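Architecture at a glance
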Amino acid sequence: MINQPHPNKIIVVIGATATNKTEVGITLAQAFCGEIINADAFQVYRELNLGVNKPTTAQLKTAKFHLISHISIKDTWDIKRFQQEANTVIQTIYARHKIPIIVGGSHLYIDALIKNYDLDTNQARDERFVNLTNQELQLKLRAYNEKLATNIGNNHKRLVRALQNLTDHNPMHQTKTPNYTPCYIWCTKPREQLYQDIDNRVDHMIKNGWFEEVNHIIQHTPAYQHLNAFKAIGYLSIARGLLNPQIEIDVNKIKQQTRQYAKRQITWIRHHYPDVYVYDQNNISGVLKHIKTWLDR
């Protein structure tokens, strides 16, 4: 039996994109002898950097990070592999008598890990909804959750996924006994400030070479458009514009998509994490005190 100071305890830093989760994670790692596990579905890829706001080289030197630049864009990464590898990393962190700190905005990945989704089931996802129209999907989803249906609108993929998640046929609807006791820290900003920071960050990414990064990938990866990695916001639209001068790269649309993604992240947190401590960019001392009290229980 591992003699660890905080058995099964794990710190989880959540929040929308552009809410300084990495900086908070580093502060907590330094304060509580912790190691950071990346829970961003795209920062795991070595070739994606600027467009996914990966921690800088300087930041990576300030704390121990795991699952950052972990695989190639040609490799497969999904929620099940994340759950498996993160669990393995967590045990190595416990073995070093340190505390794991999960940091990221891919909240479904975090849920799979912390709530211990049963991803080994042989039960297939319910495909009844895939061939339905958006109108049909909306009607069915409103029967379950009218507010959720309104928030999703006419996004077919998200409507299907929402219905799958609300049926008993979805393996992700099933959980096993949780392995960890989490302390959630929610990084927030006022909506107006968040959106402005998102817009500024996209400009910064482009100024610092995001287009060049995408160009390098498409020149060395012929089947780039089929890669899961290119589902990251902005990559595919930039690639299309670089390959076809007649297609304008719509930077404002990338900003809009990122703001919409942030809104969905916030909605997810409100619906899934009722017990969180809020970090509003000004109260880091309160966060540290809260975690210390939690660890000492």
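The following paragraphs examine the structure supplied in this document. (Residues numbered from 1 in each chain as written. Predicted model: local features only at pLDDT ≥ 70, side-chain atom pairs only at ≥ 80, totals over all residues. Heavy atoms only, no water.)

1. A look at the overall build of the protein chain
In terms of regular secondary structure, the protein chain is built from 12 helices and six strands. In terms of overall dimensions, the protein chain has C-alpha extents of about 60 × 45 × 35 Å along its principal axes. In the protein chain, which comprises 297 residues, the share counted as buried stands at 47%. When contacts within the protein chain are restricted to residue pairs at least 6 apart in sequence, those whose partners lie at least 24 apart make up 77%. Only carbon and sulfur atoms are counted for the fraction: they give 49% of the accessible area of the protein chain, which is about 15500 Å². Across the protein chain, the 36 positively charged side chains and the 26 negatively charged ones have centroids separated by 2 Å. (Helix = DSSP H or I, 4+ residues; strand = E, 2+ residues; numbered from the N terminus. Buried < 20%, exposed > 50% of the residue type's maximum accessible area, 1.4 Å probe, protein only. Contact = heavy atoms within 4.5 Å. Areas by Shrake-Rupley, 256 points an atom, 1.4 Å probe, with all protein chains shown as cover. Lys, Arg positive; Asp, Glu negative; His and termini not counted. Charge placed at Lys NZ, Arg CZ, Asp CG, Glu CD.)

2. What to know about a positive patch on the surface
On the surface, Lys147, Arg191, Lys263 and Arg270 cluster together into a positively charged patch. Residue placement: Arg270 occurs in helix α11 (residues 251-272). (Patch = residues over 30% accessible without salt bridge, like charges linked within 9 Å, V, L, I, M, F, W, Y side chains within 5 Å. Salt bridge = Lys/Arg side-chain N within 4 Å of Asp/Glu carboxyl O.)

3. So, the packing of aromatic side chains
Summed over all chains, the structure comprises seven aromatic pairs. Look at Phe230 and Tyr235: their rings are 5.6 Å apart centre to centre, the planes differ by 65°, and that puts the pair in the edge-to-face class. The same class applies to Phe230 and to Tyr235, which are both buried. An aromatic cluster is defined as three or more aromatic residues linked by ring pairs; in this entry it consists of Trp210, Tyr224, Phe230 and Tyr235. Over the ring of Trp294 we find Lys9; its NZ or CZ atom is 4.9 Å from the centre of that ring. (Phe/Tyr/Trp six-rings, centres within 6.5 Å; stacked < 30°, edge-to-face > 60°. Lys NZ or Arg CZ within 6 Å of the ring centre and 35° of its normal.)

4. Here's the deal with the packing of helix α1 (residues 21-32) against helix α12 (residues 284-295)
Geometry of a packed helix pair, given as the angle between the helix axes and the separation of the axes. Packing of α1 against α12 brings their axes to within 11 Å, and their N-to-C directions diverge by 45°. Here α1 is positioned oblique relative to α12, judged by the angle of their axes. Here α1 and α12 pass one another in a crossing that is right-handed. Here Thr27, Leu28, Ala31 and Phe32 of α1 lie close against α12, whose contacting residues are Ile284, Val287, Leu288, Ile291, Lys292 and Leu295. Residue classes in the contact of α1 with α12 are distributed as eight nonpolar, one polar and one charged. (Axes fitted to C-alpha atoms, helices over the stretch in contact; angles between N-to-C directions. Parallel < 35°, antiparallel > 145°, perpendicular 65-115°, else oblique. Left-handed = near helix turned anticlockwise from the far one by under 90°. Nonpolar A, V, L, I, M, F, W, Y, C, P; charged D, E, K, R; others polar.)

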